[in-house]
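A structural walkthrough
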Amino acid sequence: MKIMKKFLSLLLALVMALSLVACGGGQTDGTNPDSIADEMTSEDGKYEIAFVTDVGQLKDKSFNQGTYDGVKLFAAKNEKSYKYYQPANGAEATDDDRYDAMKAAVENGAKVVVCAGFMQGNALAKAAAEFTDVMFVFIDGWSLGMDNVAGIVFHEEQCGYLAGYAAVMEGYTKLGFCGGGGGTNDACCRYGYGYVQGAEAAAAVKGVNVEMNYTWQYGANFQPSAELQALASGWYENGTEVIFSCGGSIFDSIAAAASANDAAVIGVDVDQSFASDTVITSALKGIGEAAQMALTAAYDGTFVEKFGGDNCANLGAAEGAVGLPTATWSLENWSVEEYNDMFAKIVDGTITIDADFNKLASTEHVALNII
């Protein structure tokens, strides 16, 4: 936990930088990740910084893309070569496939390997034990007890809460949640549980009752699918007003269903309002900023001190690492000022949000229909 205070100012600065990038449009000065090539050519054929993707597409408008944006921004600013690696077999990738991607990165000259997603754990433990001179960054991971691994995890329940609260305050009472990972991804589980808690809190304030469809169906591999789009369309056709799309590229299926039904979507991980006009807000976490934070430590010589051993960065509202995007605010019945006031109460502990998603159940004002 001592890592928090050390990185607070850096993380807040990085979050501010990327929030400005979100409205920067055509910048090409190295501060807009979209202006930085996904692939580059290195004169010596070696690449110092590597990114190993989670399942799904690199350009998933969410977790992979958001993390890699941070890698590219750091590399561009510091004139480092970089390369991304996608494990073989796509959604069916095994631990061996992930290890092979990490090994290829090291053989191609990687000094730091950024790995996205909890499914990297087994392969990363093997690679880090073998390549002890290489530093590994484990986004959405945990401490592996090694000096060359930085585990970084987030309080997704906090931004999930804010998203659920915002939806009900905006006037929606028929909500949906579609999660990725099949219910085995702790991050997605925390997002969903926070969403229910936030909806309950807002419903209590407004004195209304909320119905929520809640499912992990068709999202196990974080990929869009005709089946998921059909499920979401069925929900919308039967009265669901807004769905929290929580699982990388499944967003494409949810947004398509929302567009066809003149309905709404809540995005995840990054501000997804640029991906679809159906998005009313997004539950954000600083994945790209965290990657930059760890890369900075790798190159300034403080990696072991800040991340080594049993240290694990657990980042939330207090670190400015989760929240809702205010630069693209479109809600009409809940203001940025009200949001900021609630955010401050989460930071100071006045509002507490439970992270134990095993307690997921209907509440006094929210009736869950778990599918």
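Residues numbered from 1 in each chain as written. Predicted model: local features only at pLDDT ≥ 70, side-chain atom pairs only at ≥ 80, totals over all residues. Heavy atoms only, no water.

**Looking at the sheet that holds strand β10 (residues 279-285)**
The strand order across the open sheet built from seven strands is β12-β10-β9-β8-β6-β7-β13, with neighbouring strands paired in mixed fashion. The strands lining the two open edges of the sheet, one partner per strand, are β12 (322-323) and β13 (366-370). With five bridges joining them, strand β7 (residues 210-215) and β13 adopt parallel strand pairing. Among the inter-strand pairings, Met212 is bridged to a residue of β13, identified as Leu368. Lying over the sheet, helix α5 (residues 156-170) contacts β6 (174-179), β7, β8 (242-246), β9 (264-269), β10 and β12, oriented at roughly 165 degrees with respect to β10. (Pairing = 2+ DSSP bridges. Helix = DSSP H or I, 4+ residues; strand = E, 2+ residues; numbered from the N terminus. Contact = heavy atoms within 4.5 Å. Axes fitted to C-alpha atoms, helices over the stretch in contact; angles between N-to-C directions.)

**With respect to the confidence of the model for the chain**
Residues at a pLDDT of 70 or more form 92% of the chain, whose mean pLDDT is 91. Long-range and interchain partners of residues 1-10, a stretch whose pLDDT sits below 50, account for 16 contacts in this model, where long-range means more than four residues apart. Within the model, pLDDT remains below 50 along residues 12-29, and this stretch shows 21 contacts once partners closer than five positions in the same chain are excluded. (pLDDT = per-residue confidence, 0-100.)

**Comments concerning empty space enclosed by the protein**
As enumerated under the stated definition, the model contains one cavity of 30 Å³ or more in all. Its boundaries defined by the atoms lining it, the largest cavity holds a volume of some 150 Å³. Along the wall of the largest cavity there are 20 residues; nearest its centre are Phe63, Asn185, Phe222, Gly248 and Asp269. At the level of secondary structure, the elements contributing two or more residues to the lining of the largest cavity comprise α2 (63-78), α6 (186-206) and β9. Among the elements that make up the lining of the largest cavity, the one with the highest residue count is α6 (three residues). Across the lining of the largest cavity, the residue classes break down as eight nonpolar, seven polar and five charged. (1 Å grid on protein atoms, 1.4 Å probe; cavity = no way out; pocket = protein on both sides within 12 Å on 5 of 7 lines; lining within 4 Å. Points joined across faces, edges and corners; volume = space filled by probe spheres on them. Nonpolar A, V, L, I, M, F, W, Y, C, P; charged D, E, K, R; others polar.)

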